[in-house]
Every structure is written in structure tokens, then in C-alpha cells.
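Observations on chain architecture
If you want the building blocks of each chain, they are given just below.
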Amino acid sequence: MSRFPDLALGLALAALLAAAPAAAQQPAQEAATAAAADATNLTEANAEEVEKASDAVEEAKPADETAATPPADPNASPAASGEGAGRVLALGRAALPEEVAAWDIDVRPDGRGLPDGQGSVVDGEVLFTDNCASCHGDFGEAVDRWPALAGGQGTLADEDPVKTVGSYWPYLSTTYDYIRRAMPFGNAHSLSNDEIYAITAYVLNLNDLVDEDFVLSRDNFLTVEMPNAGGFFQDDRDTVELPEFTQAPCMESCKAAAPEITKHAAVLDVTPDTPDDGAEAPPPMQ
Amino acid sequence: MTDSPVKETAKDAGRRRFLTAGLATGGALAASALVPARAIAQGADPLIAEVQPWAVQLGDGVDAHPYGTPISFESDVIRRNVPWLTAETMSSINFTPLHQLDGIITPNGVCFERHHAGSIELSKADYRLMINGLVEQPLVFTYADLERFPRENRICFLECAANSGMEWAGPQLNGAQFTHGMIHNVAYTGVMLKDLLAEAGVKPEGKWLLAEGADASAMTRSIPMEKALDDCMVAFRMNGEALRKEQGYPARLVVPGWEGNMWVKWLRRLEVGDQPWEQREETSKYTDTLEDGRSRKWTWVMDAKSVITSPSPQAPIRHGKGRLVITGVAWSGRGTVAEVHVTTDGGVNWHQARISGPSLDKSMHRFYYEMDWDGRPMLLQSRAVDSTGYVQPTKDALRRFRGLNSIYHNNGIQTWAVNAEGEAENVEIS
């Protein structure tokens, strides 16, 4: 349980929220209903709304469950006692802007979804050491079988490519997005937007893509050039492989000579439940 | 639960000695093969000649197992992990015991698991599914809402794109479970994604869909709208019962024929957009690096593939020469499997295998090839041909296009070398 120090706190919070008196819910519910009217206009919350909503979301939690219609059982479909917001079958209810903002934290390559904020390489180094280095190593070189984040540039055509943020990842937005949604492992959603900018900046620095005095922000985010941005192309199996792989198969006398064994799995001996399994384990899957 | 009233007797022990005496020696993986190859008649079989305890005493009552699990003799039919593959088990994978299964349906308890932040417990009561982005009306559904949409049933395979990924550079793992076990084939009950999206009203510029999970990895994948509206489902049942926790209870995405990573579990959000999001799992992972260092992206479709599940390294031949049933599974992300061919001589001559059971679009197929084995070593392979005419290639043919480092989408023909004792090994051949 020590992996999840926030769990006890979270449970306590949940208990408090559940115990909130009905009277206290009323204003929140009205606000939520008013906000629902704006929901149709919402496509993607801008950064300011995201910030605001993040603050508001804990307070709004009781309203979340009673917003569109207030059934006694929040899991009873709203449409059971009236009309849902769905356009064909009248199922579901309108999503509130703060609900959308709470969950819609994705960031696209064009920067859409980036929150306001900034973070420096200098701050990022401290944050990285505290939050990331136990798995990724102090310099992003990776501990054990955890993913390396730095190095490997120019190795993609090698026998053993080293795929890191610097050598492989085509878009910087993916780094920010992924840290924001899933890192640190076992303690997701614990870093602030500025802290994520700082850690992202430090990872760039570890890859020699920005200097030590660099400060990453929403404004300069798209100026960072990722070395392997041009290294990807769309699946072309249909045009490249299918002409060969749709030839009528040979059924008889398909080989001139009797085939011989060229490689044995037993040589490596990495199968579980066999002697010495994993002794010469190949690189990990991530 | 009470103990079984059938107790072991001295007679049992004697029977066990009789049984094991008939076993051929050798075979590191033979521990599970406790059924003798052939009973050599040395007088009357005590299993027949003597009254056995199960024919005397009473078995379990109906209340003994309110939710049934396999009998103790089958306790080795389990998912297995390959510990060296990943840093730890919460972001890892285990493998379906293909070598011990038959038919086309994978039992729920042995469907392989792949998690990126552990398998979470999310109740139906706490479940919410949001649709947002380029829609006329952003919506939130409860679990109860999902059950009010028209339901569909469909059997399809889910194969991890990394299935057989450890075999690109050469044979590495000795067992169909490990080389091919990142797959399962399940009957899903759920609702069509297009019906859910219609409730929100997709705007004309909405060409992509982002699916997101509720676990701590918040798994995300971009799916083209054309596929989303075609045959994708949000499923809440597998093989009739609720989804297993490790398969995304209470609701997951089903993306027939496409790589398993896109089948987002614990599905919590669907966002409509006008371009892909290029998330971690579709850039840094699940992209296929070719020999020149450039990488294919959006390799969603699973190519046709097959494997002989028995005999195989974990399922050696124990009965000696004579009648032999060769069996395996085949599937294609492009349609049905039209034919499966089996060779016993490493691909010099191929034979039509017999497909038995339902032949369904983007589902596993079961094949059999029955023969008389003369007891000589064999090089066993199977080759699937799908309904589009795609012929499962050799591993070397794949390597000519992709090199050794593409990790994903290895659908090459698998070879098992069976020796005169019936033991099988994962090999490659000329």
C-alpha cells in the first residue's frame, strides 16, 4: 500500500463528499444546471477553463451526480423519469463543461489542449529526480527494464535501436500528454501543469534538444523540433506487402531440398518454467 | 464449501502407480501429461476390474460450487507471465494457454491480460461514459444507460499487436502459449458505437475518435471515424457474463480485426475530433520500425495468422506413432479464414486442414489435420489463407519487408520441430 500514499486521503475525501448535507449540494446543483445550458457550445475547453474547472471539480462532485436530473439512485437512467439529452433515443444526459474539462486533458500535436503555464529545465531536474528517476534513471537512461527517455539518437536503423523521447517520439505533445494522464507510475494526476512543463523541459534537455536555461511554456511549445518527427509514414502494407502475400500458395514439392533447422529456441533458454529461464533475457517490451 | 466426500484410498495410490508405469520417460514439460499413452495390457485394468471410490461414494452437492471453476486436474490450464519481458506485473502481459484449449471460444478465466497500470475495480455504479468534442451535444451515460441501447452479439478475436513479437530475430520461447498467446476469442454482448455517437450527434468535421480508459494509465487511442461507425462496439459482457475485471469491467471497446491495444478497457470517454491525437500508444509504441529506421504508423489491421497448438512444445505427443490429431487456430483481421494448410515436412508438401465449428468474420477458426504418424521427426507448420486471398507468409518473407526490429505484427508461419519421442521445439528452418 505504500505505493499509494494518497489512497487513504482519497478515501477520506470521498467519505466527506458523500456525507455532504443535501442543503450544501443545492447551490452547486443550480450552478451545474446553468452550466449545462452552455454545454452545447462547448467543443474543447480552453486552457483557462481547464484551470478553473480543475479547481472546481472537487467542489462540484456532489453536483455531478445530481446535475441533469436528480434521481435518488444516480445510476438510474435520467430518462427513466423523463427525457434524456440524447438526440435519437433520449438516453444519457448533458455533460457539464466542468466535467468535460476534468476528463478532457488530452493534448494534440498542434498544441490544442495545452494548459496555460510554464516550467524550466532547472526546476524540472529537481522534479524529475523526485518523481521519475527511480524508474527512468537520473539521466533518463532507465533503471532495470523501465523505459529509457534519453539518448539513442541516430540508432533507429541499427541492430538494436534505442527508442527514447529524443530519438523516436515524433511529437512533443505526446510527452506532455502522457505525463499528465499517467505519470508518475502509481501516482498519476499528482503533478501540476507547471511541473509537467518543467519535467518535459528537463527530458528535452536530457536529450540535448534544449539548453539548461530553457523554459518551456504553452507559447513556445511548438518551437521545439523533435529529431524523428519525419520518421513515420502511414501503414502501406496493402500496397507494399499484399501483392506478394496474395499469390496463390504452393501445395506440392514447394522446396527443392528437404528443409533443415537453422535456429533453435532451446539455445536461448528463456522460456518460463524451464531451467535458467530469463538468464539471457532480451530487451524488454514496454 | 465442504471437502469432497471422496477420499483417497490405497486403491487410488495403486491405480496411480499403474497409470504412471505406462508413461514414457523424459520430457521436461510432460508434468501435465498424466494420461498414459497406451495402456499395455498386463491383466485386467483395475480401473475396470475393481470398484472405484467415485462409483461408491457421493460427490459434491449442488451448493458446493455456486460459481464453478475447472476441476483440480486442470489446474495447470492457466495464464502465464514471462517475467523478464517487463519491469513489473502491473504494466505487463500474460499469455493465454492456447496449447490446452480447443474449439474457438477462449474461457473468460484464461483470456490473456495486458495492463498498463494494473487491473482496476470500477463498479457499475461508479461507471460513467462521456462523449465530447465535435458533437452537437456532449453527453454522459451511466452503465444503466448503456443497457438501454439496442444490443448486439458478436464473436471476435482480440490479438495484441506484439503477439509473437519476441520472435522477430529468431525462435525464442518454447511454447504456443508464449509465442502466440497474446490472443483470445470471445463472444461479446454490447452496443454499437455508432448508436452511442448518434445520441451525441457527430459534427461533419468529426473524422477521428479518441477512446480513453478510466484506469491510471488513462489509455488513449485515436480511431478513424469510418471504423468507429462501421463495426466497433462498447461491450459489457463476454461469453454471456459480465466482463472480467481484467478485461475492462464494466465496459470496454471492441474494435474487430484491429490490434488489441485499441480495445480500450474501462472505457470512460469518447472524444470526436478532426485529426488524430498521436498519443503515446500510437507514436512511441505500436509503430513498426523498419530496417531503414523509418517507422510505419497506424498499422491497425491484424494480418492473417495461424499456429498449431497441439502438438507443440508444451503439448508433446505422448501416445507414440499411429493416429495423431494435429490442431490449431487461425484468424484474420480482414475477414474469415478460408483455408488452413498443414505441412509435416517443413513446407515441401502442404495438406488441407479441416476447419471445424463456426467460420466467423474476424474470429478465431479451429482447424484439425488427422494423420498416421510413423514416429519419425516432423517439421510442423500451419498456413492460413483468408477470405481476401491473403496467404500467411513465412517469417523470412516478412523480414524481407520489415527487418528484425518492427516488434509488432509478426504473423509469420510458426515451425515446431517434433522429434521421434514426440517432443516439440520452436525452430526456424531453411
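Residues numbered from 1 in each chain as written. Chains lettered and ligands numbered in written order. Predicted model: local features only at pLDDT ≥ 70, side-chain atom pairs only at ≥ 80, totals over all residues. Heavy atoms only, no water.

A few points about the overall build of chain B
Test applied: Only DSSP runs of H or I with at least four residues qualify as helices, and only runs of E with at least two residues qualify as strands; both kinds are numbered from the N terminus onward. Only the C-alpha atoms count toward the radius of gyration. The rule for a globule is 2.2 Å times the residue count to the power 0.38. Partly exposed describes any residue whose relative accessible area lies between the buried limit of under 20% and the exposed limit of over 50%, with all areas from a 1.4 Å probe on protein chains only and scaled to the type maximum. We call two residues contacting when some pair of their heavy atoms lies within 4.5 Å. Surface accessibility in these figures is a Shrake-Rupley result with a 1.4 Å probe; residues are shielded only by whichever protein chains are displayed. Charge assignment in this entry is limited to Lys and Arg as positive and Asp and Glu as negative, and neither His nor the chain termini are counted. Each charge is placed at NZ for Lys, CZ for Arg, CG for Asp and CD for Glu.
Counting its secondary structure elements, chain B contains 7 helices and 23 strands. Computed over the C-alpha atoms, the radius of gyration of chain B is 24 Å, within 12% of the 22 Å expected from 2.2 N^0.38 for a compact globule of 430 residues. Reported as C-alpha extents along the three principal axes, the dimensions of chain B are approximately 80 × 55 × 40 Å. Counting across all 430 residues of chain B, residues that qualify as buried make up 62%. Restricting the contact set of chain B to residue pairs at least 6 apart, pairs at least 24 apart contribute 72%. For chain B, the accessible area works out to roughly 15,600 Å², and carbon and sulfur atoms hold 55% of it. A gap of 1 Å separates the mean positions of the 45 positive and 52 negative side-chain charges of chain B.

Looking at the overall build of chain A
When helices and strands are counted, chain A shows 10 helices and 5 strands. Across the 286 residues that make up chain A, the buried fraction comes to 42%. The contacts in chain A between residues at least 6 apart in sequence include a share of 61% that link residues at least 24 apart. Carbon and sulfur atoms provide 53% of the accessible area of chain A, an area that totals close to 14,700 Å².

Section: the confidence of the model for chain B
All names here are of chain B. Applicable threshold: In predicted models, pLDDT denotes the confidence assigned by the predictor to each residue on a 0 to 100 scale.
A residue-level look at chain B finds 90% of positions with pLDDT of 70 or above and a mean pLDDT of 92. Low pLDDT, under 50, characterises residues 1–34; the stretch is placed with 36 contacts to residues that sit more than four places away or in other chains. Two numbers describe this predicted complex: its pTM, 0.84, and its ipTM, 0.88.

Some words on helix α5 (residues 121–131) of chain A
Residues and elements named next belong to chain A. What counts is decided by this rule: Directions from the helix axis toward the C-beta atoms define the arc.
Listed as buried for α5 are Val 121, Gly 124, Leu 127 and Phe 128. End-on view of α5: buried residues confined to an arc of 115 degrees, all on one side of the axis. For α5, exposure combined with an orientation more than 90 degrees from the buried face picks out Val 122, Val 126 and Asp 130. Looking at the packing, one finds that the buried side of α5 touches β2 (118–120), α6 (133–136) and α8 (193–206).

A short note on the pairing of strand β23 (residues 424–429) of chain B
The two faces of a sheet get side chains in turn, since along a regular strand they alternate between them. Residues and elements named next belong to chain B. Convention followed: Any two strands with at least two DSSP-identified bridges between them are counted as paired.
Burial within β23 is extensive, with 6 of its 6 residues counted as buried. Residue alternation in β23 divides its side chains into two sets, Ala 424, Asn 426 and Glu 428 and Glu 425, Val 427 and Ile 429, and both sets are buried. In this structure, strand β22 (residues 415–418) lies alongside β23, joined through 4 bridges in antiparallel fashion. Bridging from a neighbouring strand, Thr 415 pairs with Val 427 of β23. In sequence, β22 turns back onto β23 through a hairpin of 5 residues, with Gly 422 there showing a positive phi of about 95 degrees.

Brief notes about the interface of chain B and chain A
This is how the line gets drawn: By convention in these notes, a salt bridge is any Lys or Arg side-chain nitrogen within 4 Å of a carboxyl oxygen on Asp or Glu. Under this definition, polar contacts are N or O atom pairs within 3.5 Å; protein pairs additionally need one hydrogen-donor-capable and one acceptor-capable atom, and for neighbouring residues in sequence, both atoms have to be side-chain atoms. Side-chain classes follow a simple rule in which Ala, Val, Leu, Ile, Met, Phe, Trp, Tyr, Cys and Pro form the nonpolar group, Asp, Glu, Lys and Arg form the charged group, and the remainder, Gly included, forms the polar group.
Each partner contributes to the interface: chain B provides 116 residues, whereas chain A provides 95 residues. At the boundary of chain B with chain A, the tally comes to 10 salt bridges. For the salt bridge of Asp 104 of chain A with Arg 269 of chain B, the shortest nitrogen-to-oxygen distance reads 3.5 Å. At the junction of chain B with chain A, the criterion picks out 49 residue pairs in polar contact (both at pLDDT 80 or more). Among the elements that line the side of chain B that touches chain A, the one with the most residues is helix α7 (residues 395–402) of chain B, at 6 residues. Taken together, the residues of the side of chain B that touches chain A break down into 49 nonpolar, 34 polar and 33 charged. The sheet contact formed by strand β5 (residues 261–264) of chain A and β23 of chain B spans 3 bridges and is antiparallel. Across the sheet, the residue bridging to His 264 of chain A is Val 427 of chain B, located in β23 of chain B.

Observations regarding the side chain of His 115 of chain B
All names here are of chain B. Summarising the element assignment, His 115 is placed in the loop between β2 (94–95) and β3 (128–133). His 115 sits in the buried class, given a relative accessible area of 7%. A polar atom in the side chain of His 115 sits 2.9 Å from the side chain of Glu 113. Here His 115 is in contact with Met 90, Ser 91, Ser 92, Glu 246, Lys 265 and Trp 266, once residues within four sequence places are set aside.

Quick word on a negative patch on the surface
Residue and element names in this part refer to chain A. Going by this rule: Within the patch definition used here, like charges are joined within 9 Å and nonpolar side chains (Val, Leu, Ile, Met, Phe, Trp, Tyr) within 5 Å, considering only residues with over 30% relative accessible area and no salt bridge.
Taken together, the side chains of Glu 125, Asp 138, Glu 141, Asp 211, Glu 212 and Asp 213 define an acidic patch exposed on the protein surface. In this structure, Asp 211 sits in the loop between α8 and β3 (215–217). Residue classification places Asp 211 among the exposed residues on the basis of a relative accessible area of 57%.

Some remarks on the sheet that holds strand β8 (residues 220–224) of chain B
Strands belonging to one sheet form pairs held by backbone hydrogen bonds; the direction of such a pair is parallel or antiparallel. With respect to topology, 6 strands assemble into an open sheet ordered β1(A)-β4(B)-β3(B)-β12(B)-β7(B)-β8(B), the strand pairing being mixed. Two strands bound the open sheet, and with one partner strand each, they are β1 (93–94) of chain A together with β8 of chain B. In this structure, strand β7 (residues 208–213) of chain B lies alongside β8 of chain B, joined through 5 bridges in antiparallel fashion. Bridge pairing in β8 of chain B places Ala 211 of chain B opposite Arg 221 of chain B.

Brief notes about the sheet that holds strand β4 (residues 232–234) of chain A
Spatial strand order, β4(A)-β14(B)-β13(B): 3 strands in an open sheet with mixed pairing. Each edge of the open sheet is held by one strand with a lone partner, namely β4 of chain A together with β13 (288–289) of chain B.

Topic: the pattern of salt bridges
Summed over the entire model, instances satisfying the criterion amount to 40 salt bridges over all chains. One salt bridge in this structure joins Arg 399 of chain B and Glu 428 of chain B, with 2.7 Å as the shortest N-O distance. A residue pair is termed long-range when its members are at least 10 positions apart, and Arg 399 of chain B in helix α7 and Glu 428 of chain B in strand β23 qualify at 29 residues. Looking at Arg 399 of chain B, the relative accessible area reads 10%, which means it is buried. Here Glu 428 of chain B falls in the buried class, since its relative accessible area comes to 7%. Each member of the salt-bridge network shares a partner with another, and the members are Asp 235, Asp 236, Arg 237, Asp 238 and Glu 241 of chain A together with Arg 296, Asp 303, Arg 334 and Arg 402 of chain B.

Details of the nonpolar core
So the rule is basically this: Among buried residues, the Ala, Val, Leu, Ile, Met, Phe, Trp, Tyr and Cys ones that are joined through side-chain atoms within 4.5 Å form a nonpolar core.
Ranked by internal contacts, the top residues of the largest apolar core, which has 69 residues, are Phe 141, Leu 146, Tyr 188, Leu 193, Leu 196, Val 234 and Leu 267 of chain B. The biggest single contributor to this core is strand β9 (residues 233–238) of chain B, with 5 residues. With residues up to four places along the chain from it excluded, the contact list for Leu 193 of chain B reads Leu 209, Ala 228, Cys 232, Met 233, Val 234, Leu 253 and Leu 270 of chain B. Grouped together as the second largest cluster of nonpolar side chains are 36 residues, Cys 132, Ala 133, Val 203 and Val 210 of chain A included.

Re the confidence of the model for chain A
All names here are of chain A. In this model, chain A carries an average pLDDT of 78, and 65% of its residues clear a pLDDT of 70 or more. Of the regions scoring below 50 in pLDDT, residues 1–72 engages in 72 contacts with residues more than four places distant in sequence or in other chains. Here residues 275–286 scores under 50 on pLDDT; set against residues more than four positions off or in separate chains, the count is 32 contacts.

Section: empty space enclosed by the protein
Residue and element names in this part refer to chain B. Where we set the bar: In this analysis, the protein atoms alone were mapped onto a 1 Å grid. Cavities are point sets where a 1.4 Å probe fits without being able to get out; pockets are open sets with protein on both sides within 12 Å along at least five of seven lines; lining residues have an atom within 4 Å of a point. Grid points are joined across faces, edges and corners, and a volume is the space filled by probe spheres set on the points.
Throughout the structure, instances matching the rule amount to 6 cavities of 30 Å³ or more. By volume, the largest cavity amounts to about 210 Å³. As for the largest cavity, its lining consists of 20 residues, and the residues nearest its centre are Arg 114, Arg 252, Gly 260, Trp 263 and Lys 265. Of the residues in the lining of the largest cavity, the class split is 8 nonpolar, 7 polar and 5 charged.

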